[in-house]
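# Structural overview for review
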Amino acid sequence: MAENFTHRRTFLKTSAIAATGWMVFPSLSCSVSAKTSAAGRAEDIPFEQRPLPYSYQHLEPTIDALTMEIHYTRHAAGYAKNLADALKDEGVNTQSVSLKELLTQISKYSSKMRNNGGGHYNHEFFWASLKKPSDNNLPPAELNDVLQKHFGSFDNFRNQFSEAARNRFGSGWAWLVKTPDGKLKIGSTPNQDNPLMDVSELKGTPLLGLDVWEHAYYLKYQNRRNDYITAWWTVVNWDVVLERLKKS
Ligand code: MN
């Protein structure tokens, strides 16, 4: 109970700082829901790891609790720790540069900074993109229209994104981004790179990302990456994707 209380308190503080989330859902400002928290956390990712906006069980059965726990407390925590070390070693003043700004000029830094800065950012972004699973989890009409305009239909979008995730060889991420010229684009990045990085072939503002490292799915899905990808669509928080699009 004590742990939950601390978790919630830290979380409330974080949410208050991410004021944009409250502005989007002002009527919910007196109660903390996964929906508000995720929207508020969708941007301005800090250098430190934040508490998960939900329990390890929250995404079951799509993503099992043990995978979530290991993913969050070991893998993602490791990236955050190594990022902190790299920032210190390379003399970065985190008061004068944001994580996002650092990623846009990542070629100036070490591979340790690249791997762990990306790893930390990507996971914080990923947690904020997910919600309790639901069947027939479709985007709101406003987002559906945009996806239809860019990809022909929502199904086309989903198929193309799934294909990018399936075809990423080895470890990496699939992304939906808004490109600098205002188009929506699907692609993928290797390792812990992301589309904010100057070294990335795929460039743009990330709207949605899918972790296809084996650590994200192996306990439940073993080698069946495609089954994980198919199931993952049940936990996408479309409200957050729409908010990111509006703010991009
Ligand atoms: Mn991961």
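Criteria and cut-off values
- Residues numbered from 1 in each chain as written.
- Predicted model: local features only at pLDDT ≥ 70, side-chain atom pairs only at ≥ 80, totals over all residues.
- Heavy atoms only, no water.
- Salt bridge = Lys/Arg side-chain N within 4 Å of Asp/Glu carboxyl O.
- Helix = DSSP H or I, 4+ residues; strand = E, 2+ residues; numbered from the N terminus.
- Buried < 20%, exposed > 50% of the residue type's maximum accessible area, 1.4 Å probe, protein only.
- Lys, Arg positive; Asp, Glu negative; His and termini not counted.
- Contact = heavy atoms within 4.5 Å.
- Arc of directions from axis to C-beta.
- Phe/Tyr/Trp six-rings, centres within 6.5 Å; stacked < 30°, edge-to-face > 60°.
- Lys NZ or Arg CZ within 6 Å of the ring centre and 35° of its normal.

A few words on the pattern of salt bridges. For the structure on display, the rule yields eight salt bridges. Two residues, Arg-50 and Glu-124, come together in a salt bridge whose shortest N-O distance is 2.7 Å. Taken as a pair, Arg-50 in the loop between α3 (34–40) and α4 (65–89) and Glu-124 in helix α6 (residues 111–127) lie far apart in primary sequence, 74 residues in all. A relative accessible area of 1% means that Glu-124 is categorised as buried. Of the charged contacts, one joins Asp-85 and Lys-81 as a salt bridge, the two residues approaching to 2.8 Å between their closest N and O atoms. Placement of both Asp-85 and Lys-81 in helix α4 is noted, with a separation of four residues, approximately one turn of the helix.

This part covers the side chain of Arg-225. Within the fold, Arg-225 resides in helix α10 (residues 225–232). One buried charge, Arg-225, has no salt-bridge partner; the nearest side chain with opposite charge is Glu-214, at 6.2 Å. Arg-225 has contacts with Ala-165, Arg-166, Arg-168, Gly-170, Val-212 and Tyr-217, leaving out every residue within four places of it along the chain.

Buried residues of α10: Arg-225, Tyr-228, Ile-229, Ala-231 and Trp-232, and no others. One side of α10 carries all its buried residues, which in axial view fall inside an arc of 170°. Summarising the contacts, the buried residues of α10 are in contact with α6, α8 (154–167), β3 (205–211) and α9 (218–221).

The final tally for this structure, using the stated rule, is 19 aromatic pairs. Here Phe-125 and Trp-175 contribute two aromatic rings whose centre-to-centre distance is 5.9 Å and whose plane-to-plane angle is 55°, an arrangement assigned as tilted. Here the residue Phe-125 occupies a position in helix α6, and Trp-175 occupies one in strand β1 (residues 172–178), the gap between them amounting to 50 residues. Accessibility classification places Phe-125 together with Trp-175 in one group, the buried group. Considering the side-chain rings of Tyr-221 and Tyr-228, the 5.9 Å spacing of their centres and the 55° angle between planes classify their relative orientation as tilted. Here Tyr-221 and Tyr-228 have matching classes, each one buried. Among the aromatic residues, those joined into a cluster by ring pairs are Tyr-56, Tyr-72, Tyr-121, Phe-125, Phe-126, Trp-127, Trp-173 and Trp-175. The ring of Tyr-221 carries the charged tip of Lys-220 above its face, separated from the ring centre by 5.7 Å. A cation over a ring is seen here: Arg-244 above Phe-125, with NZ or CZ 3.6 Å from the ring centre.

Take Val-199: it is sitting in the loop between β2 (184–190) and β3. Residue classification places Val-199 among the partly exposed positions, given a relative accessible area of 33%. Along the backbone, Val-199 and Gln-105 are 94 residues apart, and their C-alpha atoms lie at a distance of 8.2 Å. Discounting residues that sit within four places of it in the chain, Val-199 has contacts with Ile-106, Ser-107 and Arg-114.

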